[in-house]
2 protein chains.
Amino acid sequence: MNSDKYDIAVIGSGPGGFTAAVRSSQFGARVVLIEKSFMGGTCLNCGCIPTKFLWQALKMKQKIQKSYEYGFKTFLEPIVFADIVAKKDKNISSIRKGMDLVLKSHDVTVVSGAASFKDKNTLRVLNDGNSTNIFADKIIIAVGTDPLIIKNLEFDRVKIIDSTDVLNLQKIPKNMLIIGGGVIGIEMATIFAGFGCHITLAERENKLLPNEDNEISEEIKKNLLRQDVEVLTECTNALDNLDNMDKYEKVLIATGRTPKGDLNLEKANIKITKNGFIETDEFCQTSTSNIYAVGDIAGKTLLAYTAQNEGAIAAENGVKGNSIKIDNSVVPQVVFAMPQSSSVKVSNFLNYKDIIFGKFSLTASSRAFIENERLGFVKCAVDKVTKRPLAFWIIGAHCDELVNTASQILKNGIKLSRETMFHPSFGESLFNAYEDAFGMCTEITRKKVK
Amino acid sequence: MNSDKYDIAVIGSGPGGFTAAVRSSQFGARVVLIEKSFMGGTCLNCGCIPTKFLWQALKMKQKIQKSYEYGFKTFLEPIVFADIVAKKDKNISSIRKGMDLVLKSHDVTVVSGAASFKDKNTLRVLNDGNSTNIFADKIIIAVGTDPLIIKNLEFDRVKIIDSTDVLNLQKIPKNMLIIGGGVIGIEMATIFAGFGCHITLAERENKLLPNEDNEISEEIKKNLLRQDVEVLTECTNALDNLDNMDKYEKVLIATGRTPKGDLNLEKANIKITKNGFIETDEFCQTSTSNIYAVGDIAGKTLLAYTAQNEGAIAAENGVKGNSIKIDNSVVPQVVFAMPQSSSVKVSNFLNYKDIIFGKFSLTASSRAFIENERLGFVKCAVDKVTKRPLAFWIIGAHCDELVNTASQILKNGIKLSRETMFHPSFGESLFNAYEDAFGMCTEITRKKVK
């Protein structure tokens, strides 16, 4: 049995763990990063990146098919889905190689294997039957989550599949039932419907994205219907109510994520929540003071970028002592429907009582004309008293970039100003929506009733 | 002779004048907007919009040609440039109709004709030989600029052309000499080279975009060379030194813009600068107190969005008395090269003495992988003492949107935070460049020498 001693051991190489490892090294720590599967975790291998690649391929297909709007005559040969998937895998592999280089340049030791706690400073790492002990002063847990299994319905990986399986399908099924109308369900419905699969999307609540603004939720539904997706809501028990599972070639379960287990957390006295996530405070510290947990496994926001943020915070606190805290007062969210949808609001949004709303349709954006992307709008909530913007909801091309602009505005309570926004851009729609809240947008027709 | 009396008369319907007219109406004024040519001014008819449309068409062509990166097999028939131009004109015409509707809904009276001053409250408007007098309490001048003529070289509109003529060419010339390596020259070189014209781009100074950061200027040059553009710098007298004008099918003069004349400004005692621009103060007010001037004719920044801003300011000050001032402390700039380039810095940038720089290449961005847009970088200048970002220079896809995010950051002295930036987006590159200024970017290899 080999053993090794580190300042910081990080378990899991997704956005949270990767960032934690590199940042710890930047602060001078001797770091080991333990990964039991592929470098990059869920985000790179079976989450954000492959999903966005397939979405981008769909977008490209649609762009080609509408290129006559620029006077072009284009012919697209019948699409071979396996060819797209191969390109996706090639891209993932390139990004993974880049990550390896970054880790190497930061002198992070990478160990393959499944880690579990022996005590609060010792990890046992199993790899191909070989066991190694790793000792570390501080440990950062970033193991992530797995797709949630529905009771009595095991994944058979052929017909009953999860969000990882679906990303590796080599051909487009004739039809597919997707259970779960959250972000993952909507994104897969969009992509696979776009490539010709007949999709039935079943959501338990009375609308898609149950926690999202109604107008956004409705608009996403409308755009899915435009793609011939069958949208079922209030499927309180999707499996019982849906008459016949036989008629579906595939059934994708996308009802949520569940914490990865097998860490022997009890050996280090690490407390978990009733849903199995690791309890952490604002320093990302667990109930055991030398151990931190970041990203999905800490169950706060389940987003790659907040995981990265938490990874950096845990690294700094781990190396230098607790000094910086999580600030999730402004965190954007994006859904890759077609077109994309995004939203961001201040975390104390509900405290504001006197809110006015502005809206700007992309049909009035000259840049949207130029790009032939006129579907969508920006909606803005503003505190009437201070004129401070409180939230933006954005549907349409580039809204996944615009939402970053919106985030900066909200985070800092900025009143928007015209000269800071390039024309013609999509981004200036944020300004126009903001001005509309006061009935002062100069780019749209006057509302006769305010 | 007819006559009419208004609270506000606006001369010119470009971004400045259009905004001034609508905003004046929103404040309750009785408004007339006088336009001697097409609604929308330079920006819509022979500036930003047609340029960006042609650029977008080129982008589409390149996207189609690279669609094999998504596993597609695509055939693009030989491009007929006149078809693109027809689509451009169709889009411009649609946007123009939208502007008409906005003006109508705001009860702005639109008068066709060329306005000139009779006195400080009276304009004479000539249209097809008919003359009308318009009386207004306040007048906002927004007549814009024309392309600058080079001494001894008149535009013949066939071989020697300006930026308006070039946008209406019905076919791609075999070759073209472009005199002037500023924004317009670079954009036209990019577009026409992209569609197969052999371009010679001649700049008087020792680099393209003489006022821009060297690294950006060099990168733009490199990308033009990649497009087979011949780039000549230090052409102190382009016309003498360039051996033989005969060899060029077209010569585009893009050396600058000059104020439009013929307003009889002296009748209203309006002072002009030595270059012929109208003198205005921070309220957009001219030397004659009831008269304001906005946009290009006021010669401040010659940008559509600052013109819009000034239009809104002049309208508010005109209707309600001087109360708001121009604040050009943060104004982004964009050049539609291929890829685009943008920059924004705080106006007092030169006052900072202890500046550190960060850089993030798009080759390290996973979103850039997904979109197959890995050319470019973000460079960030940060005040070492306060850690406040002071400038961003961005080359690459979507930088015309990212620069809006950068502007919000600069305008408000924000230190960037990871969780406010969606992953995977291009926008998060701003964060990565910022972190690199401190040697703390977690997404790139460690620099061995800092």
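Residues numbered from 1 in each chain as written. Chains lettered and ligands numbered in written order. Predicted model: local features only at pLDDT ≥ 70, side-chain atom pairs only at ≥ 80, totals over all residues.

Caption draft 1: Geometry of the overall build of chain A. The number of helices and strands found in chain A is 12 helices and 20 strands. Radius of gyration (C-alpha) of chain A: 24 Å, near the 22 Å computed for a compact globule of 450 residues. Seen through its principal axes, chain A has C-alpha atoms that stretch 75 × 55 × 45 Å. With 450 residues in all, chain A has 55% of them scored as buried. Residue pairs in contact within chain A that sit at least 24 positions apart in sequence constitute 67% of those at least 6 positions apart. (Helix = DSSP H or I, 4+ residues; strand = E, 2+ residues; numbered from the N terminus. Rg over C-alpha atoms; globule rule 2.2 N^0.38 Å. Buried ≥ 20, exposed ≤ 12 C-beta atoms within 10 Å, placed from the backbone. Contact = placed C-beta atoms within 7 Å.)

Caption draft 2: View of the confidence of the model for chain A. This prediction gives chain A a mean pLDDT of 95; 97% of its residues lie at or above 70. Here the complex is predicted with pTM 0.96, and the ipTM for its interfaces comes to 0.96. (pLDDT = per-residue confidence, 0-100.)

Caption draft 3: Fine view of the pairing of strand E6 (residues 122-127) of chain B. All names here are of chain B. Bridging between strand E5 (residues 114-119) and E6 involves five bridges; their strand directions are antiparallel. Its bridge partner being in E6, alanine 115 is matched across the sheet by valine 125. With six bridges connecting them, E6 and strand E7 (residues 130-141) associate as antiparallel partners. Considered in E7, the bridge of leucine 126 is made with serine 131. Between the end of E6 and the start of E7, which pair antiparallel, lie two residues, with aspartate 128 showing a positive phi angle near 55 degrees. (Pairing = 2+ DSSP bridges.)

Caption draft 4: Expanded view of the environment of glycine 144 of chain B. Residue and element names in this part refer to chain B. Within the secondary structure, glycine 144 sits in the loop between E7 and strand E8 (145-147). Sequence separation between glycine 144 and valine 294 is 150 residues, and the spatial gap between their C-alpha atoms is 8.4 Å. When sequence neighbours within four positions are dropped, the list of residues in contact with glycine 144 reads Gly12, Gly14, Gly41, Thr42, Lys260, Gly295, Asp296 and Ile297.

Caption draft 5: Representation of the packing of helix H3 (residues 48-65) of chain B against helix H4 (residues 81-105) of chain B. All names here are of chain B. Where H3 contacts H4, the axes come no closer than 10 Å and their chain directions differ by 135 degrees. Judged on the interaxial angle alone, H4 and H3 are oblique. Seen from above, H3 lies across H4 with right-handed handedness. Here Ile49, Pro50, Phe53, Leu54 and Ala57 of H3 come into contact with H4, specifically with Ile84, Lys88, Asn91, Ile92 and Ile95. (Axes fitted to C-alpha atoms, helices over the stretch in contact; angles between N-to-C directions. Parallel < 35°, antiparallel > 145°, perpendicular 65-115°, else oblique. Left-handed = near helix turned anticlockwise from the far one by under 90°.)

Caption draft 6: Representation of the relation of the copies chain A and chain B within the structure. Once chain A has been moved 0.0 Å along the axis and rotated by 180 degrees, it coincides with chain B to within an RMSD of 0.0 Å. Such a turn and shift between the copies fits a two-fold axis. Scanning chain A for the C-alpha nearest the rotation axis identifies threonine 405 of chain A, at a separation of 2.1 Å. Interface overlap between copies is the fraction of interface residues in one copy that are interface residues in the other; for chain A against chain B it reaches 100%, indicating a shared surface. (Least-squares fit on C-alpha atoms with pLDDT ≥ 70 in both.)

Caption draft 7: The arrangement of helix H7 (residues 214-226) of chain B in detail. All names here are of chain B. In this model, H7 (13 residues) spans 18 Å end to end at C-alpha, consistent with the 18 Å of a helix rising 1.5 Å per residue. For H7, the set of buried residues is Ile216, Ser217, Glu219, Ile220, Lys221 and Leu224. Tucked into the core, H7 has its buried residues touching helix H6 (183-194), strand E11 (198-202), strand E12 (230-232), strand E16 (333-335), strand E17 (341-345) and strand E20 (389-395). With its phi angle positive at about 65 degrees, aspartate 228 sits one or two positions after the end of H7. (Expected span 1.5 Å × (residues − 1).)

Caption draft 8: How the structure looks around the domain arrangement of chain A. Per the domain assignment, the segments making up chain A are domain 1 (3-146 + 258-320), domain 2 (160-255) and domain 3 (339-436). Inter-centroid distance (C-alpha atoms) of domain 1 of chain A to domain 3 of chain A is 31 Å. (Domains from an automatic or database assignment.)

Caption draft 9: The arrangement of the interface of chain A and chain B in detail. Contacts between the two partners involve 85 residues from chain A and, on the opposite side, 85 residues from chain B. Every element with two or more residues in the side of chain A that touches chain B is listed here: helix H1 (15-26), helix H3 (48-65), strand E3 (74-76), helix H4 (81-105), helix H9 (304-320), helix H10 (366-370) and helix H11 (399-411) of chain A. With 11 residues, H4 of chain A is the single largest residue contributor to the side of chain A that touches chain B. Counted by class, the side of chain A that touches chain B contains 39 nonpolar, 29 polar and 17 charged residues. Across three bridges, the pairing between E3 of chain A and strand E3 (residues 74-76) of chain B is antiparallel. Bridge assignment links leucine 76 of chain A to a residue of E3 of chain B, and that residue is threonine 74 of chain B. (Nonpolar A, V, L, I, M, F, W, Y, C, P; charged D, E, K, R; others polar.)

Caption draft 10: Quick look at the packing of H11 of chain A against helix H11 (residues 399-411) of chain B. Contact geometry for H11 of chain A and H11 of chain B: axes closest at 9 Å, N-to-C directions at 5 degrees. Taken together, the axis directions place H11 of chain A and H11 of chain B in an arrangement best described as roughly parallel. Within the contact between the two elements, H11 of chain A uses Glu401, Leu402, Asn404, Thr405, Gln408 and Ile409 of chain A and H11 of chain B uses Glu401, Leu402, Asn404, Thr405, Gln408 and Ile409 of chain B. Within the contact of H11 of chain A with H11 of chain B, the residues separate by chemical class into four nonpolar, six polar and two charged.

Caption draft 11: Geometry of H4 of chain A. Its 25 residues give H4 of chain A an end-to-end C-alpha distance of 37 Å, which sits within 8% of 36 Å, the value for a rise of 1.5 Å per residue. Those residues of H4 of chain A that sit buried are Ile84, Val85, Lys88, Asn91, Ile92, Ile95, Gly98, Val102 and Leu103 of chain A. Buried residues in H4 of chain A make contact with H1, strand E2 (31-35), helix H2 (41-46), H3 and strand E4 (109-112) of chain A together with helix H10 (366-370) of chain B. In the stretch just after H4 of chain A, aspartate 107 of chain A is the one whose phi turns positive, near 55 degrees.

Caption draft 12: Spatial organisation of the sheet that holds strand E17 (residues 341-345) of chain A. Residue and element names in this part refer to chain A. The five strands lie next to each other as E16-E17-E20-E19-E18, forming an open sheet whose pairing is antiparallel. Each having just a single partner strand, strand E16 (333-335) and strand E18 (355-361) make up the two edges of the open sheet. Averaged over all pairs of adjacent strands, the angle between strand axes in this sheet comes to 10 degrees, irrespective of strand direction. Along the sheet, helix H7 (residues 214-226) contacts E16, E17, strand E19 (377-383) and strand E20 (389-395); its crossing angle with E20, the most-contacted strand, is approximately 5 degrees. The strands that H11 touches are E16, E17 and E20; relative to E20, the one it contacts most, it runs at about 180 degrees.

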